[in-house]
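# Descriptive analysis of the structure
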Amino acid sequence: MALIDSKKHQLTIQRKLLFGVVLMALFVGILLSVANQIVQRSTKQQTEIKTQAVKPLVQVNSLQSLIYRIRVTEVNLHVESDFFALTAASEKLAADIQLFELNWRTFVEEFGYGNDRQIKSIDDNWQRLQSTLNHVIQSAVDGQIAEAFRLSQYESQPRFNVIARDLEVLVTQIEVTTDGFINSAVTELETQQQRFLMISVLGMLIAIILMIIFSRYLALRLSRMREAFSRIASGDLEHEVDVVGHDELTALARSFNAMQQKLADRQAALTQARLLLEERVRERTKELNESNLKLREEVIERAKIQQELKILSLAVSQTPVSIIITNAKGIIEYVNDAVVQASGFLEEELLDQSAVSFINKKHTTKTSFNDFSQALNSDKEWAGELCSLKQSGENCWEFVHLSPVMTSALGVTHYLIIKEDITERREQEQRLLYQASYDALTELPNRTLGMDRLAQGVSNARRLQHKLAVMFIDLDGFKNVNDSLGHDIGDQLLIMAASRLLNTVRESDVVARLGGDEFLIVMPVISEQADCFPVLEKIRHAFSETFELAGHSLAVTPSIGLSIYPEDGEDGAILLRNADLAMYEAKEAGRNTYKFFNHQIHENLTMRLQVENQLKSALAKQELSLFYQPIVEAKTKNLVGVEALLRWNNEVLGSVSPDQFIGIAEQTGLIVSIGNWVLETACMQISAWREQGLNDLTLAINVSPRQLHGEGLGAVIEQALDNADLNPEHLILEVTEGLLIRNPTEAKRTLEALKLLGIGIAMDDFGTGYSSLSNLKNYPFDILKVDRTFVRDIASDPEDCALVSAAISMSSGLGLPVVAEGVETEQQLNILADMNCDRVQGYFFSKPLAPDDFLLWVKEYRRSDICSTNE
């Protein structure tokens, strides 16, 4: 207990510091108290100055302003002419008088002391001035303006001047009093500041002295402790620290001496342990030497393995095949150089990433991506195609083979991924697929893809129960452009035509090129047939402008055939066939128009197929025959020639009109063999008639454009003339204007070659095409035949009459004889004769006749009145 009490009464460092802090706090408190007194006293003085100086000045200034305002109002009172303005000014003056009275009494009560003489003077003059002002107000209100003016000038003015002067004197006295207060306050404040400064300096000196004494005391004792620590650090454990005082440092010295003793005891124990450890180390060294021999053997063996691994690593690293090794969770742990080069990523960017993170999910099929991801979590192999994403953002298609690496103990530890870049191969496949589905020239879907889109459209229309339209488009006049200007211009024309078609259809419609100058448009959704009209009109409008190519303005128009699902067919092939048939109807209707498929077209098609099938065997079955129509001179009526006309009598179809089978023969190419037969048969017939006495008859035979474009026509003509022993001058070939329009250059070359054979050449059906008489001189024509359509109404239609007359006149000028077809009346014959037409033919003389009937007609004609009249 005594020890505890002694510790309680010890003056520790903590208590010393606490005592010092208390003294400093007491000193600071005293300083704050003194400062507070100074502040309070200064505040009080400022308040007094404000009360004694500032406030009186403010009120005096207010009184000065008010007395001047009263004076101004008074002076202006007598100049007011309006009663209401005068009344308002009077009321304002009375209010200002009352306000001055109130403010003046308040000032006298608060600050009247010390200025009695000025206050009394102001008060007396104010009372007199107030009385005078009341008289002024009363006079002004009563209308006595002159009296009000007199009172203002001679009574109010002097008193106002006295009051204003006394107020200024009062202000001066207040300012003098205020300066005295301020000087006194400043002197007192300076005295208080000096006292506070002296007390503060004295307190600071005392505090500094005490801190220096205490610091030196602590520094001395701490220096002794530092020296003891240094001795222990150098290994001296024999000298103890001197114990002085009864504070914390004393307790620290005692504890340090006790620690020093423990260290000495511990050092002795460590020395003993070191000797024991050295003995054990010698024994362990012997064991390590033995282990080292075994370790060297293992190192040599491992070096061999590492060399083998290095060779394998180099092989994997340098192989052109991309190799990736992941851990069991699919995280990449190794990539070879081929992966880095192929992907563009740095090796550091690839490592520690999931193997699936570099797959482009947008292009990879969902099945392939899921199968690859599942294989990374299983013990099964997987192979397939994936689209990887390069560092540049490009896609790279790869064939990927994934194999798990397994051990018997741990199962799957890694995955080996081998990749092969197949991007180029896929691009080639895509190009081939594109080429298989799209037209290389126009870049439109080709026939295959177009039919596929049509089939899809039909399927959707069937499922959704709506209509679908198919357009089959053929370009009128394209073949002429291709033949005359070349395939390059033709290709450019097709490209421009495809562009125009694309710009006319709806967004949902499909435009495809079927081949040549044929196009397909599929309108997959329509409500009725009328929905096609806007697109049809756009197409016709688009093609109404000429195509400007290589300096040529080319007019190419569309012939369009349409079929509607389900009325015209329930599958794509039937719809396309029916649209094709409707297109041919459009061409026959004059081209540059459109036709919808109907049952009549189907019937016409059936008939056409029957005609085509039967026509193929017509020659073999000897179903063809020739009829002859006489040609006579218009004026002399002499028989000068015949025109051979083809007839066909079929065992199934019966008698078939030439209009029904000639066009089919032209399109199928049968016209060539039929035309050769006509030439041979007609020449032989002329030869036979010549033996029967019909001499000098010319033979006119129609030749189709296909015969003329083909090879060998000249040889066929020569052979036919030789077989019949017929003079070439007796043979006349009739060609239509269509031959000249399709390819003028080739037509001229062909006709000139035939002309060299010595035969005559006639232009048939003149006026129905586009040739002009001025162009006839460019071709080797010998005869001009005017079409029956102009002759039919020559007696009743002045225009037809004028046209025929002009044609005859111009032909005569060119030296070309004219043959008029379709003469059926004597009036027509006479008109033509008057026009100097050379020859005529028609039913007026005879219809076409079989050979035997023609002989009988000749005999009868020569005995007839027509012929005898001429004679």
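Predicted model, so just to flag it, every value in this text is computed and none were measured. (Residues numbered from 1 in each chain as written. Predicted model: local features only at pLDDT ≥ 70, side-chain atom pairs only at ≥ 80, totals over all residues. Heavy atoms only, no water.)

### A word on a nonpolar patch on the surface
- A grouping of Phe19, Leu23, Leu202, Ile206 and Leu210 is seen on the molecular surface, where their side chains present a nonpolar patch of about 490 Å² in accessible area.
- By residue number, the principal contributor to the nonpolar patch is helix α5 (residues 145–233), which donates three residues.
- Take Leu210: it is sitting in helix α5. (Patch = residues over 30% accessible without salt bridge, like charges linked within 9 Å, V, L, I, M, F, W, Y side chains within 5 Å. Areas by Shrake-Rupley, 256 points an atom, 1.4 Å probe, with all protein chains shown as cover. Salt bridge = Lys/Arg side-chain N within 4 Å of Asp/Glu carboxyl O. Helix = DSSP H or I, 4+ residues; strand = E, 2+ residues; numbered from the N terminus.)

### A few points about a negative patch on the surface
- A contiguous patch of negative charge on the surface is contributed by Asp337, Glu347, Glu348 and Glu349.
- Looking at which element gives the most residues to the negative patch, the answer is helix α8 (residues 347–350), with three residues.
- Along the chain, the position of Glu348 falls in helix α8. (Lys, Arg positive; Asp, Glu negative; His and termini not counted. Charge placed at Lys NZ, Arg CZ, Asp CG, Glu CD.)

### A word on the nonpolar core
- In this structure, Leu699, Leu832, Val840 and Phe854 are the most contacted members of the largest nonpolar core, which totals 78 residues.
- Ranked by residues supplied to this core, first place goes to helix α18 (residues 670–691) with eight residues.
- Those residues in contact with Val840 that sit more than four places away from it in its chain are Pro630, Ile631, Val632, Ala634, Ala820, Val823, Leu829, Leu832 and Phe845.
- Listed in part, the 34 residues of the second largest apolar core include Ala498, Phe547, Ile564 and Tyr594. (Core = buried A, V, L, I, M, F, W, Y, C linked by side-chain atoms within 4.5 Å. Buried < 20%, exposed > 50% of the residue type's maximum accessible area, 1.4 Å probe, protein only. Contact = heavy atoms within 4.5 Å.)

### Overview of the packing of helix α11 (residues 447–464) against helix α15 (residues 572–588)
- Closest axis-to-axis distance for the α11/α15 pair is 9 Å, and the angle between their directions is 110°. Our classification of the angle between α11 and α15 gives roughly perpendicular. Two packed elements cross with a definite hand, and for α11 against α15 that hand is right-handed. Two secondary-structure elements touch here, α11 through Arg447, Met451, Leu454 and Val458 and α15 through Gly572, Ala573, Leu575 and Leu576.
- Of the residues that constitute the contact of α11 with α15, the class distribution is six nonpolar, one polar and one charged. (Axes fitted to C-alpha atoms, helices over the stretch in contact; angles between N-to-C directions. Parallel < 35°, antiparallel > 145°, perpendicular 65-115°, else oblique. Left-handed = near helix turned anticlockwise from the far one by under 90°. Nonpolar A, V, L, I, M, F, W, Y, C, P; charged D, E, K, R; others polar.)

### Side note on the confidence of the model for the chain
- When the pLDDT values of the chain are averaged, the result is 82; 89% of them are 70 or greater.
- Note on residues 1–8: pLDDT under 50 across the span, and two contacts to partners over four residues away in sequence or across chains. (pLDDT = per-residue confidence, 0-100.)

### Examining the side chain of Ser388
- Here Ser388 lies in strand β3 (residues 382–389).
- At a separation of 2.8 Å, a polar atom in the side chain of Ser388 contacts the side chain of Glu398. (Polar contact = N/O pair within 3.5 Å; in protein donor to acceptor, adjacent residues only side chain to side chain.)

### Here's the deal with the layout of surface pockets
- Taken as a whole, the second largest pocket holds about 470 Å³ of empty space.
- Taken together, the elements giving at least two residues each to the lining of the second largest pocket come down to α2 (13–77) and α5.
- Considering every element that reaches the lining of the second largest pocket, the biggest residue donor is α2, with eight residues. (1 Å grid on protein atoms, 1.4 Å probe; cavity = no way out; pocket = protein on both sides within 12 Å on 5 of 7 lines; lining within 4 Å. Points joined across faces, edges and corners; volume = space filled by probe spheres on them.)

### With respect to the sheet that holds strand β7 (residues 510–515)
- Read from one edge to the other, the open sheet built from five strands follows the order β7-β8-β6-β11-β12, with strand pairing classed as mixed. If you trace the sheet from one side to the other, it starts and ends with β7 and β12 (594–596), each paired once. Ignoring which end each strand starts from, the neighbouring axes of this sheet average 20° apart.
- Judged from the five bridges that link them, β7 and strand β8 (residues 518–526) form a sheet pairing that is antiparallel. Bridging from a neighbouring strand, Gly515 pairs with Glu518 of β8. (Pairing = 2+ DSSP bridges.)

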